[in-house]
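# Reading the structure
Listed below are the residues making up each chain.
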Amino acid sequence: MCLPLLCPGQQNKLAVRPPEPITVRRGGDAVEPLRVEVLGGFHVNSDKPKDEFLIPLRLTWTTGPLEAKSVTYPKPEEVKVGTDLLNVFTGSFQIVTTFQSPSSAPQGSATMTGKLRYQACNNEMCFRPTTIEVRVPVTIE
Amino acid sequence: MSLKVFAILPIAAALALCSCSGSSAAANSSAAAQQASSRKAAPDFTLTDANGQTVKLSDYRGKVVLLNFWATWCGPCQIEIPWFTEFEQQFRSRGFEVVGVSMDEDGWKAIKPYLATHKINYRVLLGDETVSSLYGGLDALPTTFMIDRDGRFAFSPHIGLAGKNEYLSEIESLLGARQSASAQHRVRFVPAAVVPGAAE
């Protein structure tokens with residue numbers, strides 16, 4: 001047995017690097033790459049898993065002054081687990097969001113808040129779906 | 001940019017030090033039958049099945065139970081489910097039952113379509129946080145417990161994908177013990193030769 005804090009089931013299998021602050025003009029666009037790293041030996045489902053029952057990785061932006069025009073995920077890896085071929089992300093990757101600042105957006109500092117939901121497995125076990133909150137400092141000029 | 005919240009390295013280091021039973025099939029393979037007298041009672045729970053019927057674990061007292069916690073999104077669980085279906089068919093007449101407890105957050109909305117498209121011949125219940133807490137948190141799936149006829153944990157839990165033969169061995173071992181511990185106690189002065197299957 002191991003100490004509870006060291007058990008893999010009780011740790012995030014994925015980490016998000018602190019996002020770079022965004023500076024954007026009113027009415028302009030800004031591109032924000034979110035750097036993500038999956039713990040070695042684990043994988044997370046891609047945004048488009050092959051099986052309908054699998055839970056996709058998904059980044060959604062919930063609050064803030066900017067509008068998310070698009071969220072682009074990397075190309076997934078195809079791995080074989082048992083007899084199934086899965087579309088997964090492993091290691092380090094980026095999820096790129098293109099934001100647009102409304103022309104009526106108030107100038108000054110604000111925060112964009114998003115949620116990254118994922119479900120991780122290794123070859124022997126899977127872990128419950130997890131959601132990480134992502135906060136990006138924004139300056140609108 | 002500060003990397004202090006980027007916790008991969010500490011996590012990786014912690015994992016390297018961790019020897020949780022769920023971390024490898026090898027750990028599972030070391031699971032040994034516990035002496036009947038030292039077994040702990042499996043916590044009772046009340047859950048519902050797909051028909052809305054209330055089911056208690058204690059309803060299965062007198063049977064050997066393979067209690068499997070799983071989810072529709074869990075790949076390794078999908079490998080084990082056909083084995084469990086086979087075990088249910090093979091051993092049911094000898095007092096064995098599989099009970100699947102799904103930990104899907106979306107409940108029956110997620111489980112019913114799965115049951116409709118997969119051949120599962122054993123009872124499936126919808127789990128909740130209460131049962132999760134009773135059984136150690138169930139962060140990793142599949143997690144499977146072998147429960148003896150007296151409602152007690154007979155082996156170490158299988159956390160993660162286990163071997164089919166491991167399960168078979170454990171089931172056969174428990175089914176071979178035809179007498180419950182209490183029954184064994186009652187007949188302990190009877191010569192073993194006339195108590196077939198009493199020894200595990």
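These numbers come from a predicted model, not from an experiment. (Residues numbered from 1 in each chain as written. Chains lettered and ligands numbered in written order. Predicted model: local features only at pLDDT ≥ 70, side-chain atom pairs only at ≥ 80, totals over all residues.)

## Some words on the overall build of chain B
Helix and strand content of chain B: 7 helices and 8 strands. In chain B, which comprises 200 residues, the proportion classed as buried is 33%. For chain B, the share of sequence-separated contacts (at least 6 apart) that also reach a separation of at least 24 residues comes to 71%. (Helix = DSSP H or I, 4+ residues; strand = E, 2+ residues; numbered from the N terminus. Buried ≥ 20, exposed ≤ 12 C-beta atoms within 10 Å, placed from the backbone. Contact = placed C-beta atoms within 7 Å.)

## A short note on the sheet that holds strand β10 (residues 108-118) of chain A
All names here are of chain A. Strand order in the open sheet made by the 4 strands is β2-β13-β10-β5, with mixed pairing throughout. This sheet does not close on itself; its edge strands, each paired only once, are β2 (22-24) and β5 (58-63). Strand after strand, the sheet turns through a mean of 30 degrees between neighbouring axes, direction not considered. As paired strands, β10 and strand β13 (residues 130-140) are joined by 11 bridges and run antiparallel to one another. The partner of arginine 117 across the bridge, within β13, is threonine 131. (Pairing = 2+ DSSP bridges. Axes fitted to C-alpha atoms, helices over the stretch in contact; angles between N-to-C directions.)

## With respect to the nonpolar core
If you look at the biggest cluster of nonpolar residues, it comprises 76 residues, and the most contacted ones within it are Leu14 and Val44 of chain A together with Leu66, Val101, Leu141, Ile147 and Ile171 of chain B. Top contributing element to this core by residue count: strand β3 (residues 64-70) of chain B, with 6 residues. Ignoring anything within four residues of it in the chain, the contact list for leucine 141 of chain B reads Met125 and Cys126 of chain A together with Phe69, Trp70, Ala71, Cys74, Cys77 and Met103 of chain B. (Core = buried A, V, L, I, M, F, W, Y, C linked by C-beta atoms within 7 Å.)

## Re the packing of helix α3 (residues 75-91) of chain B against helix α6 (residues 164-176) of chain B
Residues and elements named next belong to chain B. Packing of α3 against α6 leaves a shortest axis separation of 11 Å and a crossing angle of 25 degrees. Considering the angle they form, α3 stands roughly parallel to α6. Considering the relative orientation of α3 and α6, their crossing is right-handed. Each of Trp83, Phe87 and Phe91 in α3 lies in contact with α6, whose residues at this interface are Lys164, Tyr167, Ile171 and Leu175. (Parallel < 35°, antiparallel > 145°, perpendicular 65-115°, else oblique. Left-handed = near helix turned anticlockwise from the far one by under 90°.)

## Digging into unusual backbone geometry
Residues and elements named next belong to chain B. For the peptide bond that leads from leucine 141 to proline 142, omega is 0 degrees, which places it in the cis range. Checked against the element boundaries, proline 142 lands in the loop between β6 (140-141) and β7 (143-147). Residues other than glycine seldom take positive phi values, yet leucine 138 does so here, at roughly 50 degrees. Inspection of the secondary structure puts leucine 138 in the loop between α5 (129-134) and β6.

## Re the pairing of strand β4 (residues 96-102) of chain B
All names here are of chain B. Burial analysis of β4 places 6 of its 7 residues in the buried class, which makes it a mostly covered element. Pairing analysis gives 7 bridges linking β3 to β4, with the strands arranged parallel. Residue pairing for β4: valine 64 is matched across the bridge by phenylalanine 96. On the question of chirality, the crossover connecting β3 to the parallel β4 by way of α3 is right-handed. Across 4 bridges, the pairing between β4 and strand β5 (residues 123-126) is parallel. Of the residues in β5, the one forming a bridge with valine 99 is arginine 123. In terms of handedness, the path from β4 via helix α4 (residues 108-117) over to β5 forms a crossover that is right-handed. (Right-handed = clockwise from strand over helix to strand, strands pointing away.)

## Focus: the sheet that holds β3 of chain B
Residues and elements named next belong to chain B. Spatially, the 7 strands line up as an open sheet ordered β2-β1-β5-β4-β3-β7-β8, and their pairing is mixed. Strands with a single pairing partner mark the edges of an open sheet, and in this sheet they are β2 (54-56) and β8 (158-159). Here β3 pairs with β7 via 5 bridges, running antiparallel. Paired with leucine 66 across the bridge in β7 is methionine 146.

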